[in-house]
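If you want the building blocks of each chain, they are given just below.
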Amino acid sequence: MVDSQYYLPNDIGISALDCREAFRLLSPKEQMYAHYLSRASWYGGLIVLIQTSAESANIYVLLQKMFRAQVPQQLEAAATAAGLSAEEYQAFLVYAAGLYANMGNYKSFGDTKFIPNLPKEKFKALVWESLAFKQSPGDMEALWGCCREPLYSLKDKQKQLGLGEKGISAYFSGNCCLEDAEFAQKFLDSMNLSAYNTRLFKTEIDGKRCYEVRLASAEKDNCVVEGKSEVCYGKHEFEDAVFSVKRGDYAFLMEKVCQNLEKAKDYAANDNQKRMLEEYIHSFTCGSVEAHKEGSRYWIKDKGPIVESYIGFIESYRDPFGSRGEFEGFVAVVNKAMSARFAQLVSSAEVLLPELPWPPAFEKDRFLKPDFTSLDVLTFAGSGIPAGINIPNYDDIRQTEGFKNVSLGNVLAVAYATQKDKLTFLEESDKDLYIKWKGPSFEVQVGLHELLGHGSGKLFVQDDKGKFNFDQTAVRNPETGELISSWYKGSETWDSKFSTIASSYEECRAECVGLYLCLNKQVLSIFGHEGEDAEEVVYVNWLTMVRAGLLGLEFYTPESKSWRQAHMQARFVILRVLLEAGEGLVGLKECTGADGRPDAVITLDRSKIYTVGKSAIQRFLCKLQVHKSTADVEGGRALYEGYSAVTTDGTYNFLRLRETVLHRKEARKMFVQANTYIKDDAVELVEYEGSAAGLIQSFVQRFSDDADKVEAQLLEMTCMDSSCWC
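Residues numbered from 1 in each chain as written. Predicted model: local features only at pLDDT ≥ 70, side-chain atom pairs only at ≥ 80, totals over all residues. Heavy atoms only, no water.

Trainee: Tell me about the layout of surface pockets, residues and numbers included.
Mentor: Put simply, the second largest pocket is a space of about 990 Å³. What lines the second largest pocket is a set of 38 residues, and nearest its centre among them are K293, D395, D396, E492 and T493. At the level of secondary structure, the elements contributing two or more residues to the lining of the second largest pocket comprise α10 (178-190), α13 (289-301), α15 (395-400) and α18 (494-517). (1 Å grid on protein atoms, 1.4 Å probe; cavity = no way out; pocket = protein on both sides within 12 Å on 5 of 7 lines; lining within 4 Å. Points joined across faces, edges and corners; volume = space filled by probe spheres on them. Helix = DSSP H or I, 4+ residues; strand = E, 2+ residues; numbered from the N terminus.)

Right, here's the structure in full:
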């Protein structure tokens, strides 16, 4: 019997993202702008299939061919003929929807593999009964031959994403390990090249290590864009190895992205948007991260746009080494009412930042007031949709030029709706309160997390010319009182220094800032919470965090002693910190549920949040910031990995609690997104029902214009990589 964590349940929540009213209020020009940005995002989003696993693109093409020939309702007759029960056919639809929603066969949140919840022979029988097979049996049989084994395989290494023996990763060839990733990073740093838009492939020739660094770009050779020449990176001897830097990874899809961004330029609202798109096109054509950074600078300057978007290789959560970005593109429309609250928070930032528990020298010299808006998502292409975003992720830009924050309102509205009967690990007396205040409290947490969490704190840097951005004769470690003795040098960045823990560590720091500052009455007032209501928001926000820390155990893999999800590792760390604080602040006890199965209950003493709780977060948050500011990888790693340890000794048996969490977990919701089309020189919005069939149909129609070519190119890209995976 396969562990249920590797299936998607038939009753998984699937909701449609409502953006009709927001889209309707756009002008015809704004709708055109949004349409072409969406097309660019969707084509780019297909890159995630290649980034996720060797088999994801093959499975995607197999499903697309089946559903393009027969919509889910029509395919049901073939399923009956193939001997599938109604439950098995629903499991097939849910699997297909899951592959589309996650852009691959690994969960975007948690990075575990999921397989179809029906026998392999039944899946094969359905393929053979499908109209797609009858129309092209040779092609479909070949596709099935590529898919059949990896589709169902749950070998230990294939159960989760990881590096070396800890899992699989399509960012690296299968023969790469952590040492190879570290060595490659050293080479990239020496060349002043970012890893964000790269993959790494390793071979051995005549006993010598050879690495191929592939840059994502539409062009495969030297290129010139609007007078800007790009150097062909070529081969480089580095220590005892040879590195070959090549353009052209995902070339077909990158070209489609650029074509649609070029069309979007005609409908840009201002010069900043035009310059932004020009730099993105330059970046995606030639593989230049510097050009993408330049585009991000124009994006920051584009204050308060009606249509907001960002696109590129952005988040590094799924790279096991923490340096390579997953492709992501979003297009959204501003929600003016909620954005007004966030604007108030931005205006108060300079008053709130000094409240954070580190000395002034550890804070940025000047707070660069960002845009902070609430958006209704029209398009979010990638492996999953977050609740809030703080970008760009380039430290040098964030530190000196600024950033933007967005909260995704229509995502929050459906993602965090909770049914009482599915609410686990809380006392009955807390459940109604939790349901009532979860949404408002999370809104506060997201705001603080994105703006003052990710937006706070200084990195101490000595640049290539030896210039310091701090006074090295005066800045002292608040823990020891001694002058700081470490900092970032030259091209070193937060990601390259802290690598494997960087993402989770930073999420933990931002979550702690949210917990700490939500105790501030001014913050609560900005969000419209006063008096008793404000206290309920604080209580539920902290209660949500400690419960999330327990739920986080689902995303820990005991066999490799590794975490698969940055945010959930961060929340578990916070739970450990608050449990360690003692004095009855947080209670966690194992028990037997009403169904006779193991259960657990977590409690929070609200009377101690402002005393015991605040002090614990204050101390921990200061330590996190000091290690981050001073590039103290050794100290930061020891601190963070210590709290991340899932122990069985002491007061709590966290491995046993993990089993309880797995038995009672609820699958993460999936979202159905709309499509846009141009008809009679106007943009039409097409929405779909919130179901597996609706999600499938949205993807089938999304690429209907050139589906055959897109699918052929995906298979070709997969074939190019096939000799590299092991």
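Trainee: With reference to specific residues and values, describe the sheet that holds strand β7 (residues 241-249).
Mentor: Strand order in the open sheet formed by four strands is β2-β3-β7-β6, with mixed pairing between adjacent strands. The strands lining the two open edges of the sheet, one partner per strand, are β2 (198-205) and β6 (234-238). In this sheet, neighbouring strand axes are inclined to one another by 25° on average, regardless of whether the strands run parallel or antiparallel. Taken together, the eight bridges between β2 and strand β3 (residues 208-216) define a ladder with antiparallel strand orientation. Each residue of the ladder has a partner; that of T203, found in β3, is C210. Here α10 sits on the sheet and contacts β2, β3, β6 and β7; the angle it forms with β3, its principal contact strand, is near 65°. (Pairing = 2+ DSSP bridges. Axes fitted to C-alpha atoms, helices over the stretch in contact; angles between N-to-C directions. Contact = heavy atoms within 4.5 Å.)

Trainee: Go over helix α12 (residues 271-286), please, and point to the residues and values.
Mentor: Note on helix geometry: an α-helix contains 3.6 residues per turn, so any two residues three or four positions apart are oriented the same way. Taking 1.5 Å per residue, 16 residues should reach 22 Å; α12 reaches 23 Å between its end C-alpha atoms and fits that length. Those residues of α12 lying buried are Q273, M276, L277, E279, Y280, I281, H282, S283, F284, T285 and C286. Structurally, the start of α12 carries an N-cap: the backbone nitrogen of N272 is 3.1 Å from a side-chain oxygen of N270. Where α12 ends, the next residue or the one after it, G287, has phi of about 80°, a positive value. (Expected span 1.5 Å × (residues − 1). Buried < 20%, exposed > 50% of the residue type's maximum accessible area, 1.4 Å probe, protein only. Polar contact = N/O pair within 3.5 Å; in protein donor to acceptor, adjacent residues only side chain to side chain.)

Trainee: Describe the sheet that holds strand β9 (residues 326-335), with residues and values.
Mentor: Here five strands make up an open sheet; going across it, the order is β8-β9-β10-β12-β11 and the pairing mixed. Strands with a single pairing partner mark the edges of an open sheet, and in this sheet they are β8 (307-315) and β11 (388-391). Averaged over all pairs of adjacent strands, the angle between their axes in this sheet comes to 35°, without regard to strand direction. Sheet analysis places strand β10 (residues 371-381) next to strand β12 (residues 404-408), joined by five bridges and oriented parallel. Counterpart to L375 in the pairing with β12 is L408. Of the strands in this sheet, β8, β11 and β12 are in contact with α13, which crosses β8 at around 150°.

Trainee: Could you give an account of the side chain of Q697, naming the residues involved and the relevant values?
Mentor: By the element assignment, Q697 lies in helix α25 (residues 692-702). We classify Q697 as buried; its relative accessible area is 17%. Excluding anything up to four places from it in sequence, Q697 contacts V71, P72 and Y688.

Trainee: Before we move on, can you summarise the packing of α18 against helix α20 (residues 531-551) with the specific residues and values?
Mentor: The geometry of α18 relative to α20 is characterised by a closest axis approach of 10 Å and an angle of 150° between their N-to-C directions. As the angle between them shows, α18 and α20 are arranged roughly antiparallel. In the packing of α18 onto α20, the handedness of the crossing is left-handed. Within the contact between the two elements, α18 uses E511, G514 and L515 and α20 uses N541, W542 and M545. (Parallel < 35°, antiparallel > 145°, perpendicular 65-115°, else oblique. Left-handed = near helix turned anticlockwise from the far one by under 90°.)

Trainee: I'd love a proper account of empty space enclosed by the protein, names of residues and values included.
Mentor: The full count for this structure, using the stated rule, is five cavities of 30 Å³ or more. By volume, the largest cavity amounts to about 60 Å³.

Trainee: An account of the side chain of S383 is needed here, citing residue identities and associated values.
Mentor: With respect to the helices, strands and loops of the structure, S383 is situated in the loop between β10 and β11. Judged by its relative accessible area of 7%, S383 is buried. A distance of 2.6 Å separates a polar atom in the side chain of S383 from a polar atom in the side chain of E326. Beyond its immediate chain neighbours, meaning those up to four positions away, S383 contacts V48, A101, N102, M103, S108, R318 and E326.

Trainee: Talk me through the pattern of salt bridges; I want residue IDs and the actual numbers.
Mentor: Considering all chains together, one arrives at 45 salt bridges under this definition. Here K246 makes a salt bridge to E212, at a shortest N to O gap of 3.5 Å. Pair noted here: K246 is in strand β7 and E212 is in strand β3, with a separation of 34 residues, a long-range link. Here E278 ties to R275 by a salt bridge, and the two come within 3.9 Å at their closest N and O atoms. (Salt bridge = Lys/Arg side-chain N within 4 Å of Asp/Glu carboxyl O.)

Trainee: Got a sec to walk through α18? Specific residues and values, please.
Mentor: An ideal rise of 1.5 Å per residue puts 34 Å on 24 residues; α18 reaches only 24 Å between its terminal C-alpha atoms. At T500, α18 shows its maximal bend, which comes to roughly 95°. Counting buried residues along α18, 22 of its 24 residues qualify, which places the element largely inside the surrounding structure. (Bend = angle between axes of the 7 residues up to and from the residue.)

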